[in-house]
Amino acid sequence: MVPFLGHGIGLRTKHFPEVLEAGRRADWFEVITENFLNVGGRPRAVLEAVRADRPVVLHGVSLSIGSVDPLNEEYLRDVRALADAVEPAWVSDHLCWGTFGRHNAHDLLPMPFTEESLAHVVSRVAEVQERLGRRILLENVSSYLTFAVSAISEWDFLSEVARRADCLLLLDVNNVYVSATNHGFDAGEYLRGIPVNRVAQFHLAGHQDLGTHLLDTHDAPVPDPVWSLYRDAVRRFGRVSSLVEWDDHIPPLDEVLAQAERARAFEKSVLEEAPA
Amino acid sequence: MNLSELQGLLHGRITGSVPGRDDELREQVLPRPPLDSLERVEIYARMYLFRLVDAVAEDVPHTARILGHDGFVEAVRDYLREHPSRSPDIGQVGQHFGAWLRSREGIRSDLPDLAMLERARSEVRTAADAPAAGAEALQSLPPEGLPGARFLFCPSLRILRLQHDVRALWDALEAEGEAPPPAPGPTTVVVWRQELKVFHTGLSEAEAAALMVAREDGSLEDVCATFAHEPEPARAAFKTVLSWFADGWVAAVTSQRA
């Protein structure tokens, strides 16, 4: 399993001055892998400064593990080189696809939950873990559509990928809530369907209610229903590193750090609850 | 429909590369009130366009401001048809936008050059680090090695050959002021980084020629030859080469060909 890192936040460009010059820190930082591949200048300087005294995790958005395109070997080499340089606590990406014919949609598109998809993803996770020289974490994505061909639930699919490929899971609590609302499934059933020993990290974020659906926007504080689901997740999975994502309309660093402190407080209160 | 066919169908619709196929999409994507199958796919199509519009705008904020919101979105939509993203890094999607703008009608004549300058500044900001060499690197060579000395430049150095001098335009937009009229005429602009700060400056024709020769593995002797028509060739060459070191453009000097 991976170490418990506490309650972190995503490292974003807007906060670079406060992080680099004022030395402000969370328990740990997650960085978007692609923003740091083959770069120098301020991003690299901030990453090195943060890594000098805090754990860092590499979180990718372009692995496209579920795509039928061949794996991008150059990309994997670059990720491996960055991981070797930064020595992150772990490397994660999403259980989704985004490329077709080498054309990158830069989106986290949902998989059809079929045996064919499962076999495809499992074989690619094994290849990626081999290339990167480490186990990876895969994250559940928010989704706005489901495929007629899907034969099993999302949580069964995710669990089976983790079991067969022997990888770990990054459980995005906000994504569970968003997808549960959009597709009408029970978020509690989702959590109960995920094996306890596979979950190595939580994501927390805000979303927008557009009336017809929830959109995973990462542009607002974590809303109460997601905090409630987070408490359920802590009850089931125990003490797991959490990470607050805030990617748009980014507020001052203190506000994001306050969300991480809220996660710490909720975790503490749940873990102190008397066993039922 | 197998996994490959399904991904091709959805990807084509979302990115606009293969429009239509409505009946197949209705068959493959489940409706769920209040949204039907195509409306669910459309959520992704809208996000695709606006995510990439944001990515290009991050590179060229002043160009985007001049085009206006609708004009910029329309321009990026057309650009993406010819230059779909091939990189895992969304930050690379706008790398051809300035050059592509040259073929666009009905825009300010200097807008492609402004976009190229903005993109270069964006690239330089995050280009790979390399320690800059001082002029002593040149002085350390034996006298007989000087004519054949060659320069290795820092990876953050960019040389732009523009059709307009857009420096005053960039300054005005940076200060949130009024855009001056276009200033036509070939201009060479160099963009570079010192520590974490990005700079750009214009070069005279002689300076530009010297720098291009040096970038293409020309020797110090070749560089000096580009100043042959100057009133004081040796002095001009010496001054120019020293400025490369002073501005931190040179990473190393070698007596070997690249």
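Quantities reported herein were computed from a predicted structural model and do not represent experimental measurements.

Rules used in this analysis
- Residues numbered from 1 in each chain as written.
- Chains lettered and ligands numbered in written order.
- Predicted model: local features only at pLDDT ≥ 70, side-chain atom pairs only at ≥ 80, totals over all residues.
- Helix = DSSP H or I, 4+ residues; strand = E, 2+ residues; numbered from the N terminus.
- Rg over C-alpha atoms; globule rule 2.2 N^0.38 Å.
- Buried ≥ 20, exposed ≤ 12 C-beta atoms within 10 Å, placed from the backbone.
- Contact = placed C-beta atoms within 7 Å.
- Domains from an automatic or database assignment.
- Pairing = 2+ DSSP bridges.
- Axes fitted to C-alpha atoms, helices over the stretch in contact; angles between N-to-C directions.
- Right-handed = clockwise from strand over helix to strand, strands pointing away.
- Core = buried A, V, L, I, M, F, W, Y, C linked by C-beta atoms within 7 Å.
- Parallel < 35°, antiparallel > 145°, perpendicular 65-115°, else oblique.
- Nonpolar A, V, L, I, M, F, W, Y, C, P; charged D, E, K, R; others polar.
- Expected span 1.5 Å × (residues − 1).
- Arc of directions from axis to C-beta.
- Left-handed = near helix turned anticlockwise from the far one by under 90°.

K.L.:
Sorry if this is basic, but what is going on with the overall build of chain A here?
P.N.:
Of the regular secondary structure elements, chain A holds 9 helices and 12 strands. Taking 19 Å as the expected radius of gyration for a compact globule of 276 residues, we find that chain A reaches 18 Å, a close match to that expectation. Looking at chain A residue by residue over its 276 residues, the buried ones come to 51%. Counted over contacts in chain A with a minimum sequence separation of 6, partners at least 24 positions apart contribute 78%.

K.L.:
Would you mind showing me how to read the domain arrangement of chain B here?
P.N.:
Much of the literature gives interface size as the accessible area that the parts lose upon coming together. Split into domains, chain B comes out as domain 1 (1-107) and domain 2 (129-258). On a C-alpha basis, the centres of domain 1 of chain B and domain 2 of chain B stand 38 Å from each other.

K.L.:
Can you walk me through the sheet that holds strand β1 (residues 7-10) of chain A in this structure?
P.N.:
Note on sheets: strands pair through backbone hydrogen bonds, and any given pair is parallel or antiparallel. Residues and elements named next belong to chain A. Strand order in the closed barrel formed by 8 strands is β1-β2-β3-β4-β7-β8-β9-β12, with parallel pairing between adjacent strands. Taken over all neighbouring pairs, the strand axes of this sheet differ in orientation by 30° on average, direction set aside. When strand β3 (residues 56-59) meets strand β4 (residues 91-94), the two strands line up parallel, connected through 2 bridges. Each residue of the ladder has a partner; that of H59, found in β4, is S92.

K.L.:
Even after reading the chapter, I still don't get the environment of L47 of chain A, so can you show me in this structure?
P.N.:
With respect to the helices and strands, L47 of chain A occurs in helix α2 (residues 41-53). Residues within four places of L47 of chain A in sequence aside, it is in contact with V31, F36 and V86 of chain A.

K.L.:
Is there a simple way to think about the pairing of strand β7 (residues 136-139) of chain A in this case?
P.N.:
All names here are of chain A. Burial along β7 is two-sided: the face carrying I136 and L138 and the face carrying L137 and E139 are both buried. For β4 and β7, the ladder comprises 4 bridges, and the chain directions are parallel. Bridging from a neighbouring strand, S92 pairs with L137 of β7. Bridge count between β7 and strand β8 (residues 168-172): 3 bridges; the pairing is parallel. Across the sheet, residue L138 finds its bridge partner in β8, namely L169. You can see the chain leave β7, run along helix α5 (residues 154-165) and come back into β8, and the turn it takes is right-handed.

K.L.:
Quick question: what am I supposed to make of the nonpolar core here?
P.N.:
Nonpolar side chains tend toward joint burial in soluble globular proteins. Of all hydrophobic cores here, the largest spans 147 residues; its most connected members are V161, L169, V173, L204, Y230 and V244 of chain A. Counting residues per element, this core draws most heavily on helix α7 (residues 111-126) of chain B, at 7 residues. Here this core spans two domains, since at least three of its residues come from each of domain 1 (1-107) and domain 2 (129-258) of chain B. Once you skip the residues sitting within four places of it in the chain, V173 of chain A turns out to touch F202, H203, L204, V226, L229, Y230 and A233 of chain A.

K.L.:
Just to check I follow, could you spell out the packing of helix α3 (residues 37-59) of chain B against helix α5 (residues 69-82) of chain B for this structure?
P.N.:
Packed helix pairs are characterised by how far apart their axes lie and by the angle those axes make with each other. Residue and element names in this part refer to chain B. Across the interface, α3 lies against α5 with an axial gap of 10 Å and an inter-helix angle of 100°. By the angle class used here, α3 and α5 are roughly perpendicular. Along the contact surface, α3 presents L49, L52, V53, V56 and A57, while α5 presents F72, V73, V76, R77 and L80. Its residues assigned to classes, the contact of α3 with α5 shows 9 nonpolar, no polar and 1 charged.

K.L.:
What's the story with the sheet that holds strand β2 (residues 158-164) of chain B in this structure? I'm lost.
P.N.:
All names here are of chain B. With respect to topology, 3 strands assemble into an open sheet ordered β2-β3-β4, the strand pairing being antiparallel. Edge positions in the open sheet fall to β2 and β4 (197-203), since each of these has one partner strand only. For this sheet, the mean angle separating the axes of adjacent strands, direction not counted, is 30°. Here strand β3 (residues 184-194) runs beside β4; their pairing, made up of 7 bridges, is antiparallel.

K.L.:
I keep staring at helix α12 (residues 233-246) of chain B and nothing clicks. Help me out?
P.N.:
Residues that lie three or four places apart on an α-helix share one face, since the helix turns once every 3.6 residues. All names here are of chain B. Here α12 is 14 residues long and its end C-alpha atoms lie 20 Å apart, about the 20 Å a rise of 1.5 Å per residue gives. Those residues of α12 that sit buried are A236, A237, T240, V241 and W244. Taken around the axis of α12, the buried residues stretch over an arc of 120°, which confines them to a single face. Turned more than 90 degrees away from the buried face of α12 sit A234, R235, K239 and L242, all of them exposed. Contact partners of the buried residues in α12: α10 (205-215), α11 (220-225) and β5 (250-254). Trailing α12 by a residue or two, G248 shows a phi angle of about 75°, which is positive.

K.L.:
I tried to follow the packing of helix α1 (residues 3-15) of chain B against α3 of chain B on my own but got confused; where do I start?
P.N.:
Residues and elements named next belong to chain B. The N-to-C vectors of α1 and α3 enclose an angle of 50°; their axes lie 8 Å apart at closest approach. Of the possible angle classes, the one that applies to α1 and α3 is oblique. Relative to α3, α1 is oriented so that their crossing is right-handed. Where α1 approaches α3, its residues L10, R13, I14 and T15 are matched on the opposing element by V41, Y44, A45 and Y48. Its residues placed into classes, the contact of α1 with α3 shows 6 nonpolar, 1 polar and 1 charged.

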